[in-house]
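# Observations on the three-dimensional arrangement
These are the residues of each chain, in order.
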Amino acid sequence: MKSFTTITDCSHVSFADIGINRFFKSLLRDERDITFIYLTLRITLIIIPLAVLLYLPFIHGWVWWLITSLYLYYNNYIKSPFGLMAHCTSHRPWFKKEYGFLNNYLPWVLGPFFGQSPETYYSHHIAMHHPENNLEEDVSSTMHYQRDSFSDFVRYWLNFFFFGLFQLSSYLIRRNKKKFFYRAFIGELLFFALSIALCFVNWQATLVVFIIPFFASRVVMMLGNWVQHAFVNVQEPGNEYQNSVTCINTIFNRRCWNDGYHASHHLRSAM
């Protein structure tokens, strides 16, 4: 077994308690989440302006394609850090109670630009995946698939893409978690309604801004779950130490808030 004498994964970096940092910290339940605020601001100032430019009627030709390339490149580059920021703030809301409305900014404003329909990820992950822990009732469980088989992953993804919302809805209704059902159903419905409506405005821009990221997001999310639960002990499938992976000293951990420590996350989801 390989031993690690040096851990290169990221640890908390303090921000000086001065100026704008002090203001941001005053909004947060945990001042360590200030790093999420700076990432959110960076995404907001890049993604939204690029998206707006693609819808403007006087932007066309090579300029339009240049902006498209920049949008898709940055969207893909920052997708994982954004997704895992959304993951962290789903488990542990980041703003204080009096500023709680700000917790909606990621899922309702930025999420759609990354192909995440509002509230569906939250309902799936918080209300279903963690309580069921990749076992039989988990509609995204990897247990019934061969994890080193590409064809099995394709089956896994196709099931999630076409039937995932219906399976999640059935689970939430069956478990009397109707609040989560309504959140997921309304979020998904509004995302599709917005995408269809914007197609009548500019279908090319809508394809780039919302539809391509939607497909990419549904692939990435299933890839993530597939990898995080790649190994399952058939004798103890509910044992978090034996149904979730831990990845140490990886570039992914440095980019995505140490998400590779997935076993400990299932042991204590707010970690």
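In short, a report on the structure. Residue positions are given per chain, counting from 1 as you read along its sequence in written order. Only residues with pLDDT of at least 70 get local features here, since the model is predicted, and only at 80 or more are side-chain atom pairs given and counted; chain-wide, interface and lining totals rely on the full set of residues. Each side-chain value is derived from all of the structure's non-hydrogen atoms; neither hydrogens nor water enter the calculation.

## Here's the deal with the side chain of histidine 266
Selection criterion: Runs of H or I in DSSP of at least four residues are treated as helices and runs of E of at least two as strands, each being numbered from the N terminus. The cut-offs for exposure are 20% and 50% of the maximum accessible area for each residue type, with area from a 1.4 Å probe on protein chains only; residues under the lower value are buried, those over the upper are exposed, and the others partly exposed. Think of a polar contact as two N or O atoms within 3.5 Å of one another; within protein, one of them needs to be a possible hydrogen donor and the other a possible acceptor, and neighboring residues in sequence only count if both atoms come from side chains. Contacts are assigned to residue pairs with any non-hydrogen atoms lying within 4.5 Å of each other.
Relative to the elements of secondary structure, histidine 266 occurs in helix α10 (residues 262-267). Residue class for histidine 266 comes out buried when judged on its relative accessible area of 8%. Polar contacts involving the side chain of histidine 266 include one to the side chain of histidine 129, which spans 3.3 Å. Not counting residues within four places of it along the chain, the set of residues in contact with histidine 266 comprises His129, His130, Asn133, His229, Glu240 and Ser244.

## Structural notes on the packing of helix α3 (residues 61-91) against helix α5 (residues 120-132)
Note the threshold: Only the stretch in contact is used when a helix axis is fitted, and all axes are lines through C-alpha atoms; the angle between N-to-C directions ranges over 0 to 180 degrees. By the definition adopted for this analysis, an angle is roughly parallel if under 35 degrees, roughly antiparallel if over 145, roughly perpendicular if from 65 to 115, and oblique otherwise. What makes a crossing left-handed is the near helix being turned counterclockwise from the far one by less than a right angle; a clockwise turn instead makes it right-handed. We call Asp, Glu, Lys and Arg charged. Ala, Val, Leu, Ile, Met, Phe, Trp, Tyr, Cys and Pro are nonpolar, and the rest, Gly among them, are polar.
The geometry of α3 relative to α5 is characterised by a closest axis approach of 10 Å and an angle of 60 degrees between their N-to-C directions. Our classification of the angle between α3 and α5 gives oblique. Note that α3 runs across α5; the crossing there is right-handed. Of α5, the residues touching α3 (which contributes Ala86, His87, Ser90 and His91) are Tyr121, Tyr122, His125, Ile126 and His130. Within the contact of α3 with α5, the residues separate by chemical class into four nonpolar, five polar and no charged.

## Brief notes about the nonpolar core
Just so we agree on the cut-off: What makes a nonpolar core is a set of buried Ala, Val, Leu, Ile, Met, Phe, Trp, Tyr and Cys residues whose side-chain atoms join them at distances within 4.5 Å.
Residues Ile43, Leu54, Tyr71, Phe113 and Val209 are the most contacted members of the largest nonpolar core, which totals 42 residues. For this core, the elements supplying multiple residues, two or more each, are α1 (19-27), α2 (34-55), α3, α4 (105-110), α6 (150-174) and α7 (178-228). Once you skip the residues sitting within four places of it in the chain, phenylalanine 113 turns out to touch Ile47, Ile48, Ala51, Tyr71, Asn75, Val209, Phe210 and Pro213. If you look at the next biggest cluster of nonpolar residues, it comprises eight residues, including Ala127, Tyr171, Leu172 and Phe180.

## Description of unusual backbone geometry
Glycine aside, residues mostly have negative phi angles, and peptide bonds mostly take the trans form. Positive phi outside glycine occurs at glutamate 119, with the angle close to 75 degrees. With respect to the helices and strands, the residue glutamate 119 is situated in the loop between α4 and α5. A relative accessible area of 9% means that glutamate 119 is categorised as buried. You will see that asparagine 176, though not glycine, has its phi angle at about 60 degrees, which is positive. Here asparagine 176 lies in the loop between α6 and α7. The class of asparagine 176 is exposed, set by a relative accessible area of 59%.

## Thoughts on α2
Selection rule: Here a helix's expected span is defined as the number of its residues, less one, multiplied by 1.5 Å.
Between its first and last C-alpha, α2 extends 32 Å over 22 residues, near the 32 Å set by a 1.5 Å rise per residue. Along α2, the positions that sit buried rather than exposed are Ile34, Phe36, Ile37, Leu39, Thr40, Ile43, Thr44, Ile47, Leu50, Ala51, Leu54 and Tyr55. The inward-facing, buried residues of α2 contact α1, α3, α4 and α7.

## Quick word on the packing of aromatic side chains
Selection rule: For this analysis, a ring pair means two rings from Phe, Tyr or Trp (six-membered ring only for Trp) whose centres lie within 6.5 Å, classed as stacked if their planes differ by under 30 degrees, edge-to-face if by over 60, and tilted for the remaining angles.
With the rule as written, the count across this model stands at 26 aromatic pairs. Three or more aromatic residues link up through ring pairs in this structure, and these residues are Trp157, Phe161, Phe162, Phe191, Phe192, Phe214 and Phe215.

## A few points about the environment of cysteine 88
Following the sequence through the fold, cysteine 88 ends up in helix α3. Its relative accessible area of 23% is what places cysteine 88 among the partly exposed residues. Along the primary structure cysteine 88 and valine 154 are separated by 66 residues, whereas in three dimensions their C-alpha atoms are 27 Å apart. In contact with cysteine 88, not counting residues within four places along its chain, are Phe36 and Trp257.

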